[in-house]
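Structure at a glance
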Amino acid sequence: MAESRGPREEWGTDRVLAACRRAWNTGSTAPDPGEPGPESPAGRASSLGRFVDLREIGRGGMGEVFEALDVDLRRPVAIKRLEDARAHAPEWRERFLREARIGGQLEHPNIVPVYELDFDASGAAYFAMRLVRGTNLADRLKALREDPTAPAYPLSRRLADFLKVCDAISFAHAKGVLHRDLKPSNVLLGEFGEVLVVDWGVAKLRDAVEPPAAGARAGAPDAGDPTRTGSVLGTPRYMAPEQARGDVRSVDERSDVHALGVTLAEVVGSWRPRELQAAIARATALRPEDRYQNVRALQDDLEAFLDGRTLAAARYNVFQVAGKWAARHRATAAVAGILCLAAAAVPIGARWHAAREEMQRAREAALRAEILARESPRPPPDAPAETAR
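Analysis parameters
Residues numbered from 1 in each chain as written. Predicted model: local features only at pLDDT ≥ 70, side-chain atom pairs only at ≥ 80, totals over all residues. Heavy atoms only, no water. Helix = DSSP H or I, 4+ residues; strand = E, 2+ residues; numbered from the N terminus. Contact = heavy atoms within 4.5 Å. Areas by Shrake-Rupley, 256 points an atom, 1.4 Å probe, with all protein chains shown as cover. Salt bridge = Lys/Arg side-chain N within 4 Å of Asp/Glu carboxyl O. Buried < 20%, exposed > 50% of the residue type's maximum accessible area, 1.4 Å probe, protein only. Core = buried A, V, L, I, M, F, W, Y, C linked by side-chain atoms within 4.5 Å. Pairing = 2+ DSSP bridges.

**Observations regarding the overall build of the protein chain**
- On a plain count of helices and strands, the protein chain comes out with 10 helices and 11 strands.
- Sequence-distant contacts in the protein chain: of pairs separated by 6 or more residues, those separated by 24 or more amount to 57%.
- Accessible area of the protein chain: about 21700 Å², with a carbon and sulfur share of 56%.

Below, the structure written as structure tokens:
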């Protein structure tokens, strides 16, 4: 998981190497004499099986997230553990196990992989997953809005990252899994271009029966987290209407499309090109039948926007369609323009040539008349004039 609470504390090379050396030489993760014991100052275990040096880096709706070291594979990992207050409640336990198993089955480049599921000495469940260093999409967008010194994050790149999120959700839908809590804070952006969808805690298999959460009523917010529990699951700001009503039977892939539409609105920002506004409006339509019917259809429109093609969600007049075609085929459009000018020039040239020939004929006729006038005989000047008799 990505760390979001300020600069990360450095592990300390000696401590990491010592833990790895113990595992390599003895097969044990037990600390050497003089090192910190199995309990942290807060009274929490600092190791879980082969995962040592646990330090909390975040909390979610159901559990706590730690950074840890896998001493067998010598790599940092993220550990999510069901919090103590819920660790032994059957309903919460079932939800937590389902999250781990769904994450373990969704093998996709844009979904955080789950490495291992196990239980600690008290019987509380935990699972290990990939540790992603970076930030989340919500924080990146906030910095873009509020911090003028934030790194550049142009619209084209934001849309490219969003399309990776769509890839992950489209894959999950193909496997029969609904996320139901899509939002920018559940999208991690790694330091090297990684885009990963996380927090499948309220995910649902399409045809599975929904287990109730212990002690929660329909629509009651979970303390400390905006994700609701009970028959209303998700974050209210991003919920589709049918999801907000708790209409579990109506929640399907189009409910996730709605959440993607709200997320897309935040990704695009307040200044929205007309076509993207049309895509957002279709994705977030109140009625499921008026939305994109699947994630792929939304992706197709966004890819069309990036390629300069027309979008299914937008309307165009003939000049806008022609303009888009010309923008995509600049060389062809240039040649076509030249040919059009040439075609228009042909009749103009023909008329000019005819007029020129007519003028030439008129000049020749005038010249002939002048020559004939000069060559016609004239009476001698001293000839006597005839008198009438």
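Moving on from the model shown.
**Remarks on the pattern of salt bridges**
- Scanning all chains against the criterion turns up 26 salt bridges.
- When the shortest N-O distance is used, the salt bridge between Arg50 and Asp70 registers 2.8 Å. Here Arg50 is found in the loop between β1 (47-48) and β2 (51-59), whereas its partner Asp70 is found in strand β3 (residues 63-70), with 20 residues between them in sequence.
- What makes Asp70 buried here is its relative accessible area of 0%.
- One salt bridge connects Arg296 with Glu303, and the closest N-O pair in it is separated by 2.9 Å.
- The class for Arg296 is partly exposed, based on a relative accessible area of 33%.
- For Glu303, a relative accessible area of 28% puts it in the partly exposed group.
- Through salt bridges with shared partners, a single ionic network connects Glu56, Arg59, Glu64, Arg81, Glu83, Asp84, Arg86 and Asp120.

**Concerning the nonpolar core**
- Formed by 45 residues in total, the largest nonpolar core has its most connected members in Phe162, Ile169, Trp200, Leu260, Leu264 and Leu298.
- Residue assignment for this core shows that the elements contributing at least two residues are α3 (137-146), α4 (155-174), β9 (187-190), β10 (195-197), α6 (253-268), α7 (274-283) and α8 (295-307).
- The residues touching Ile169, leaving out its near neighbours within four places in the chain, are His179, Leu182, Val197, Trp200, Asp256, Leu260 and Val295.

**What about the pairing of strand β5 (residues 114-119)?**
- Strand direction decides the pairing type here: β5 and strand β6 (residues 125-130), joined by five bridges, are antiparallel. Bridge pairing in β6 places Asp118 opposite Tyr126.

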